[in-house]
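Read off the chains here:
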Amino acid sequence: AHGWLLFEESKMSKSRGNIVRTETILDVLGADALRYFLLREVVFGQDGSFSFDALVQRYNADLANGLGNLASRTLTMIGKYCGGAIPNPAGGGAEIARLAQEVIAQSAACFESFEFSRALESIWAVQAAVDRYIVEHKPWELAEREDAESKAELGSVLYTAAEAVRIASALLYPVLPASAEKIWRQLGESGLPGEVRLDKLEWGQLAVGQKIGKIEAVFPRVDKAEAIQKMRELEEQVTREQAAMMGKKPEAPAKPAAPAALADGKISIDEFARVDLRVGLVKSAERVKGADKLLHMMVDIGEPEPRSIVAGIALAYTPEQMVGRKVVIVANLQPRKLRGIESNGMIVAASLENGAPILAGFLEDVPVGARLK
């Protein structure tokens, strides 16, 4: 039925202590996250490798920043701009609709032939296309306009995104049953996504005017270091408890070797991948009272609401120079308060010795919310 699973490239062995119990993962990330990782990361029938690091990275990248973020931002904008009701598509989103229909057929065929990783890859391709579609059409800007054409386009963009989320929920139900059902309820759908036959699933079945449900985070982003530490601690705890029941002294679990120090302060590609860099557009800027060097800005990075960011660039840039400017934002920093104002991100700038900061920018036009890799 399946191949072998290695733990951090080594064969699992109770005597060596490098085994993984599902309980430790369920307590930290949940069953859906583990099921998704095994079906997405490991080609069914072949050998594969499991590690806590890869698990959390896949969870944050695909589930928290991918499906979870798309569902949350789409439903939040429908709640804010459409009174919590599914808007009229007005004939838009034809390219996304075509892609979704292709993926329905492709993923169903992959499920039939046990190609689970390929099925999931195709479903995520639709989500990536919808993310680009939202960034390109900027529904937050359309909502600020009063003309009928902008209102119609806003309805099309949000319906397209919501319908893509609905189809993804139906297709993903066998892999993410609990999470798919939560998203299904938030869309205002009745019944269960598992009741939808794949041969009857089509684009455009989301009812216009349907009221959405209560919006809640389905996949909250986790700190990788903290999550891994907690799973390892739980693993050690279960090992001690089982040894005590058997009247044995537990062997100390094998610890993975610490990564070798890299010369010249270099970091690994995995460490760099943890930094979430986004393109942002400064919507407003003002000086912080009592702080000569600080500017308080509201920066749009493609989320339902602009980010509040405080930066020490006021000696180099005026508020007027910043409004309308595209900047690079570190989006996954822990928020902190500066002069009583919450700063939820950091603007990237070149820091010259004894000189003014110079903001990073682009020669070409780059859409708001685009990730830097």
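Quantities reported herein were computed from a predicted structural model and do not represent experimental measurements.

(A) Structural context of helix α3 (residues 52-81). Taken as a whole, α3 carries its principal kink of about 40° at Asn 69. Gly 83 occupies a position one or two residues after α3 and carries a positive phi of about 65°.

(B) Looking closely at unusual backbone geometry. The backbone of Phe 114 shows a phi angle near 65°, a positive value even though the residue is not glycine. You can see Phe 114 is positioned in the loop between α4 (94-112) and α5 (116-137). The exposure class assigned to Phe 114 is exposed, which follows from its relative accessible area of 51%. Positioned with a positive phi, Lys 138 is a non-glycine residue whose angle comes to about 50°. Within the fold, Lys 138 resides in the loop between α5 and α6 (139-142). For Lys 138, a relative accessible area of 22% translates into the label partly exposed.

(C) Seen up close, the packing of α3 against helix α9 (residues 224-245). Their axes nearest at 10 Å, the elements α3 and α9 cross at an angle of 135°. On the basis of their axis angle, the class for α3 and α9 is oblique. The handedness of the crossing between α3 and α9 is right-handed. From α3, Phe 52, Asp 53, Leu 55, Val 56 and Gln 57 reach across to α9, where they touch Lys 224, Ala 227, Ile 228, Met 231 and Arg 232. Among the residues making up the contact of α3 with α9, the classes are represented as 6 nonpolar, 1 polar and 3 charged.

(D) Molecular detail of the nonpolar core. Formed by 64 residues in total, the largest nonpolar core has its most connected members in Phe 50, Leu 63, Trp 124, Val 130, Leu 172, Leu 176 and Phe 219. Those elements that provide at least two residues to this core are α2 (31-41), α3, α4, α5, α6, α7 (148-172), α8 (177-186) and α9. With 13 residues, the single largest contributor to this core is α7. Every residue in contact with Leu 172, bar those within four places of it in the chain, is listed here: Leu 67, Leu 120, Ile 123, Trp 124, Gln 127, Pro 177 and Ala 180. Grouped together as the second largest cluster of nonpolar side chains are 17 residues, Val 282, Leu 295, Val 327 and Ile 347 included.

Thresholds, definitions, all that
- Residues numbered from 1 in each chain as written.
- Predicted model: local features only at pLDDT ≥ 70, side-chain atom pairs only at ≥ 80, totals over all residues.
- Heavy atoms only, no water.
- Bend = angle between axes of the 7 residues up to and from the residue.
- Helix = DSSP H or I, 4+ residues; strand = E, 2+ residues; numbered from the N terminus.
- Buried < 20%, exposed > 50% of the residue type's maximum accessible area, 1.4 Å probe, protein only.
- Axes fitted to C-alpha atoms, helices over the stretch in contact; angles between N-to-C directions.
- Parallel < 35°, antiparallel > 145°, perpendicular 65-115°, else oblique.
- Left-handed = near helix turned anticlockwise from the far one by under 90°.
- Contact = heavy atoms within 4.5 Å.
- Nonpolar A, V, L, I, M, F, W, Y, C, P; charged D, E, K, R; others polar.
- Core = buried A, V, L, I, M, F, W, Y, C linked by side-chain atoms within 4.5 Å.

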